[in-house]
Amino acid sequence: MSRTPAVKKGAELQQEIAATALDRGQVAIWWLGQATCCFKFGETVVYFDPFYRDEHQPPPTLQEMPLRPEEMAGASLICCSHDHLDHVDPETLPGAAAASPEATILLPAFARPQAVGFGIPAERLHGMRGDDTFTKAGLLVTAIPAAHMDLEYHEDTGYRYLGYVFQGNGVTLYHPGDCQPYEGWLSRLQRFLLDVAC
């Protein structure tokens, strides 16, 4: 199966991300294939749902993925939305964490034991329950419960599926993760004046 080629990849794309200068009120967004994105708020870089496969690795993907895990560098935050393979990936998340050694990894508390099992140091993993917040590098992150099919809540870990609202550099951005509308979703989001929804 042929894949759609990346416009930029590897060192060229890494250099573009690092060199992109943003005024206040601006955010830069790169789609990196599958559910993976890179956001840049001022100088703060975030990788969202890092996932990489080359053309010979299962599962098959429809597009060339432009950054290998070891190239996902320079991040302050790595955010994962839920525990499925293409969102918390044993072949990608450890490499991305190593490439960005200063990054905190935000993920649902439900998925935290899974990531610990990948060999990522537990102190780098910050579990989110939903409707809670985390701040780093000038970025305020609010976890928004997501309904993958339905809302799934566990007393000990909170919501299994999450999206995130990012507020930084004068921009408010929402990424819902894998989500469909549910009762209470709109009221959660109406607290924010969103500039961008991915």
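Notes on the structure follow.

The rules behind each value
- Residues numbered from 1 in each chain as written.
- Predicted model: local features only at pLDDT ≥ 70, side-chain atom pairs only at ≥ 80, totals over all residues.
- Heavy atoms only, no water.
- Core = buried A, V, L, I, M, F, W, Y, C linked by side-chain atoms within 4.5 Å.
- Buried < 20%, exposed > 50% of the residue type's maximum accessible area, 1.4 Å probe, protein only.
- Helix = DSSP H or I, 4+ residues; strand = E, 2+ residues; numbered from the N terminus.
- Contact = heavy atoms within 4.5 Å.
- Salt bridge = Lys/Arg side-chain N within 4 Å of Asp/Glu carboxyl O.
- Phe/Tyr/Trp six-rings, centres within 6.5 Å; stacked < 30°, edge-to-face > 60°.
- Pairing = 2+ DSSP bridges.
- Axes fitted to C-alpha atoms, helices over the stretch in contact; angles between N-to-C directions.
- Polar contact = N/O pair within 3.5 Å; in protein donor to acceptor, adjacent residues only side chain to side chain.

**A short note on the nonpolar core**
Then comes step 1: In terms of nonpolar packing, the biggest core is built from 25 residues, with I17, Y47, I78 and L93 touching the most fellow members.
Then comes step 2: Listing elements by their share of this core, those giving two or more residues are α1 (10-19), β1 (27-31), β3 (44-48), α2 (93-99) and β5 (104-108).
Then comes step 3: It is α2 that provides the largest number of residues to this core, a total of three residues.
Then comes step 4: Apart from residues lying up to four places away in sequence, Y47 is in contact with I17, L32, C37, C38, L67, E71, M72, A73, A75, L77, I78 and C79.
Then comes step 5: With 19 residues, the next largest nonpolar core counts F39, V46, V141 and Y164 among its residues.

**A few points about the pattern of salt bridges**
A side chain with one charge may pair with a side chain of the opposite charge, provided their charged atoms come close.
Then comes step 1: For the structure on display, the rule yields seven salt bridges.
Then comes step 2: Across the pair E64 and K9 runs a salt bridge, and its minimum N-O distance is 2.7 Å. In this pair, E64 is assigned in the loop between β3 and β4 (77-79) and K9 in the segment before α1, connecting sequence segments 55 residues apart.
Then comes step 3: Classification of K9 as partly exposed rests on a relative accessible area of 44%.

**Details of the environment of A146**
Then comes step 1: Within the element layout of this structure, A146 appears in the loop between β8 (139-145) and β9 (153-154).
Then comes step 2: Looking at A146, the relative accessible area reads 2%, which means it is buried.
Then comes step 3: Dropping the residues within four chain positions of it, A146 is found in contact with L151, Y161, L162, G163, P176, D178, C179 and Y182.

**Some words on the packing of aromatic side chains**
Then comes step 1: For the structure on display, the rule yields eight aromatic pairs.
Then comes step 2: Their ring planes at 35° and their centres at 6.1 Å tell us that F41 and F166 sit as a pair that is tilted. You can see F41 sitting in strand β2 (residues 37-41) and its partner F166 sitting in strand β11 (residues 162-168), a full 125 residues away along the chain. Pair check on accessibility: F41 and F166 agree, each one buried.
Then comes step 3: Pairing Y164 with F166 gives two aromatic rings, centres 6.2 Å apart and planes at 40°, and the pair type is tilted. You'll find Y164 and F166 in the same group, each marked buried.

**Some thoughts on the sheet that holds β2**
Then comes step 1: Within the open sheet, the six strands sit side by side as β1-β2-β3-β4-β5-β6. Their pairing is mixed. Single-partner strands in this sheet number two, and they are β1 and β6 (125-128). Each strand of the sheet is rotated relative to its neighbour by a mean of 20°, with strand direction disregarded.
Then comes step 2: As judged from the five bridges shared by β2 and β3, these two strands associate in the antiparallel manner. Across the sheet, the residue bridging to C38 is Y47, located in β3.
Then comes step 3: In this fold α1 packs onto β1, β2 and β3, with an angle of close to 25° to the strand it touches most, β2.

**Some words on the side chain of R188**
Then comes step 1: Here R188 is to be found in helix α4 (residues 185-189).
Then comes step 2: A distance of 3.4 Å separates a polar atom in the side chain of R188 from a polar atom in the side chain of Y182.

**Quick look at the sheet that holds strand β7 (residues 133-136)**
Then comes step 1: The strand order across the open sheet built from five strands is β7-β8-β11-β12-β13, with neighbouring strands paired in mixed fashion. The open sheet is flanked by β7 and β13 (196-197), the only strands paired with a single partner.
Then comes step 2: One ladder, built from two bridges, connects strand β12 (residues 171-175) with β13; its direction is parallel. Across the sheet, residue Y174 finds its bridge partner in β13, namely A197.

**Description of the side chain of N169**
Then comes step 1: Checked against the element boundaries, N169 lands in the loop between β11 and β12.
Then comes step 2: Here the side chain of N169 touches D23 through a polar contact of 3.0 Å, landing on its backbone oxygen.
Then comes step 3: Within polar-contact distance, the side chain of N169 engages the backbone oxygen of Q26 at 2.9 Å.
Then comes step 4: Contact partners of N169, with chain neighbours within four places excluded, come to L22, D23, R24, G25, Q26, F41 and G42.

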